[in-house]
Amino acid sequence: MREVEVMGVRVEMPTNKPIILLRERGGQRYVPIWIGAPEATAIAYAQQGVVPPRPLTHDLIVNLIDGLGHALSSVVITKMEEGVFFADVVIDEDRRIGSRSSDAIAIALRANIPIYVADQILDEVGVEIADEEEEAEQVEKFREFLDNVSAEDFEMGPDSDAPHEPPG
């Protein structure tokens, strides 16, 4: 099981369906989960720190659990069957309540608890994306190259078979 962070909610084109993107902490794999529009809104509100005048459903769940003297511990995306993700909301460290993954994620964001994804799911549907820092470093090197290059650098001299190439 690996901890993930919520990268955000996006809309997939051309279907216009909301998708939540989870990123493996300390890794480069991402898990995309297609969700409903109301859940996408609830997750986006939680990420943006929007506090509604009255509790929304996910706020109510967090308040109920707390009000009953229990503590939310974590959320675990446990399995995927036929493209549908299943999750557990973990209460008091050991009690698991089955949930839709989108609802569990919305609850986790409101309660500020960790979200985990089963290794099998990461192995099956995790998409590896290059590290943003590495990508930014390569872009910066290329910009430096462009700042220091001139047209003469691309002229072929008598001792050269090809123009100069950018670093990297």
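Residues numbered from 1 in each chain as written. Predicted model: local features only at pLDDT ≥ 70, side-chain atom pairs only at ≥ 80, totals over all residues. Heavy atoms only, no water.

K.L.:
How do you make sense of the overall build of the protein chain when you look at a structure like this?
P.N.:
On a plain count of helices and strands, the protein chain comes out with five helices and eight strands. In the protein chain, the succession of α and β elements from N to C terminus is β-β-β-α-α-β-β-β-α-β-α-β-α. Expressed as a percentage of its 168 residues, the buried residues of the protein chain come to 30%. Taking contacts inside the protein chain between residues at least 6 apart in sequence as the whole, the part at least 24 apart equals 47%. In the form shown here, the protein chain has an accessible surface area of approximately 11000 Å², with 50% of it arising from carbon and sulfur atoms. (Helix = DSSP H or I, 4+ residues; strand = E, 2+ residues; numbered from the N terminus. Buried < 20%, exposed > 50% of the residue type's maximum accessible area, 1.4 Å probe, protein only. Contact = heavy atoms within 4.5 Å. Areas by Shrake-Rupley, 256 points an atom, 1.4 Å probe, with all protein chains shown as cover.)

K.L.:
Looking at this structure, how should I read the nonpolar core?
P.N.:
In this structure, Ile20, Leu22, Ile33, Leu72, Val75, Ile77 and Ile105 are the most contacted members of the largest nonpolar core, which totals 30 residues. When neighbours within four sequence positions are excluded, leucine 72 is seen to be in contact with Val62, Ile65, Val89, Val90, Ile91, Ile107, Ala111 and Ile113. (Core = buried A, V, L, I, M, F, W, Y, C linked by side-chain atoms within 4.5 Å.)

K.L.:
What am I meant to see in the pattern of salt bridges here?
P.N.:
Pairs can form between side chains of opposite charge whenever their charged atoms are close. All told, the structure shown has 10 salt bridges when counted by the stated rule. We note a salt bridge from arginine 100 to aspartate 103, for which the minimum N-O separation is 2.9 Å. Judged by relative accessible area, which is 17%, aspartate 103 ranks as buried. (Salt bridge = Lys/Arg side-chain N within 4 Å of Asp/Glu carboxyl O.)

K.L.:
So what exactly am I meant to see when it comes to the sheet that holds strand β7 (residues 115-117) here?
P.N.:
In sheet architecture, strand pairing relies on hydrogen bonds along the backbone and comes in two forms, parallel and antiparallel. Here eight strands make up an open sheet; going across it, the order is β6-β5-β4-β7-β1-β2-β3-β8 and the pairing mixed. Two strands bound the open sheet, and with one partner strand each, they are β6 (95-100) and β8 (127-128). Judged from the three bridges that link them, strand β4 (residues 72-81) and β7 form a sheet pairing that is parallel. Following the sheet pairing, isoleucine 77 is matched in β7 by valine 117. Across the sheet, helix α1 (residues 37-48) touches β1 (2-12), β2 (17-24) and β6, and the angle it forms with β1 is around 120°. (Pairing = 2+ DSSP bridges. Axes fitted to C-alpha atoms, helices over the stretch in contact; angles between N-to-C directions.)

K.L.:
What is the right way to read the packing of α1 against helix α3 (residues 101-111) from this model?
P.N.:
Packed helices, taken two at a time, are described by the angle their axes make and the gap between the axes. Where α1 meets α3, the closest approach of the two axes is 9 Å, and the angle between their N-to-C directions is 15°. One finds that α1 runs roughly parallel with respect to α3. Relative to α3, the crossing made by α1 is left-handed. Of the residues in α3, those in contact with Glu39, Ala42, Ile43, Tyr45, Ala46 and Gln47 of α1 are Ser102, Asp103, Ile105, Ala106, Leu109 and Arg110. Taken together, the residues that form the contact of α1 with α3 break down as seven nonpolar, two polar and three charged. (Parallel < 35°, antiparallel > 145°, perpendicular 65-115°, else oblique. Left-handed = near helix turned anticlockwise from the far one by under 90°. Nonpolar A, V, L, I, M, F, W, Y, C, P; charged D, E, K, R; others polar.)

K.L.:
I'm lost on the pairing of β4 in this one. Help?
P.N.:
Two faces make up the sheet, and in a regular strand the side chains alternate between them. Inspection of the sheet shows β4 paired to strand β5 (residues 84-91) by eight bridges, in the antiparallel sense. Bridged to serine 74 within β5 is valine 90. Linkage of β4 to β5, two consecutive antiparallel strands, is achieved through a turn of two residues, within which glutamate 82 is found at a positive phi near 50°.

K.L.:
It is not clear to me how the side chain of aspartate 88 should be interpreted in this structure. Could you clarify?
P.N.:
As for its position among the elements, aspartate 88 is in strand β5. Only 3.1 Å separates the side chain of aspartate 88 from the side chain of arginine 96, close enough to count as a polar contact. In contact with aspartate 88, other than residues within four places in its own chain, are Ser74, Val75, Val76, Thr78, Arg96, Ile97 and Gly98. (Polar contact = N/O pair within 3.5 Å; in protein donor to acceptor, adjacent residues only side chain to side chain.)

K.L.:
I keep staring at the environment of glycine 83 and nothing clicks. Help me out?
P.N.:
Relative to the helices and strands, glycine 83 is located in the loop between β4 and β5. Sequence separation between glycine 83 and valine 125 is 42 residues; the distance between their C-alpha atoms is 9.7 Å.

K.L.:
Just to check I follow, could you spell out the confidence of the model for the protein chain for this structure?
P.N.:
Caution applies to low-pLDDT regions: their predicted coordinates should not be interpreted in detail. Per-chain confidence: the protein chain averages 84 in pLDDT, with 77% of residues scoring 70 or above. The low-confidence segment residues 153-164 (pLDDT under 50) makes nine contacts with residues lying over four places distant or belonging to another chain. (pLDDT = per-residue confidence, 0-100.)

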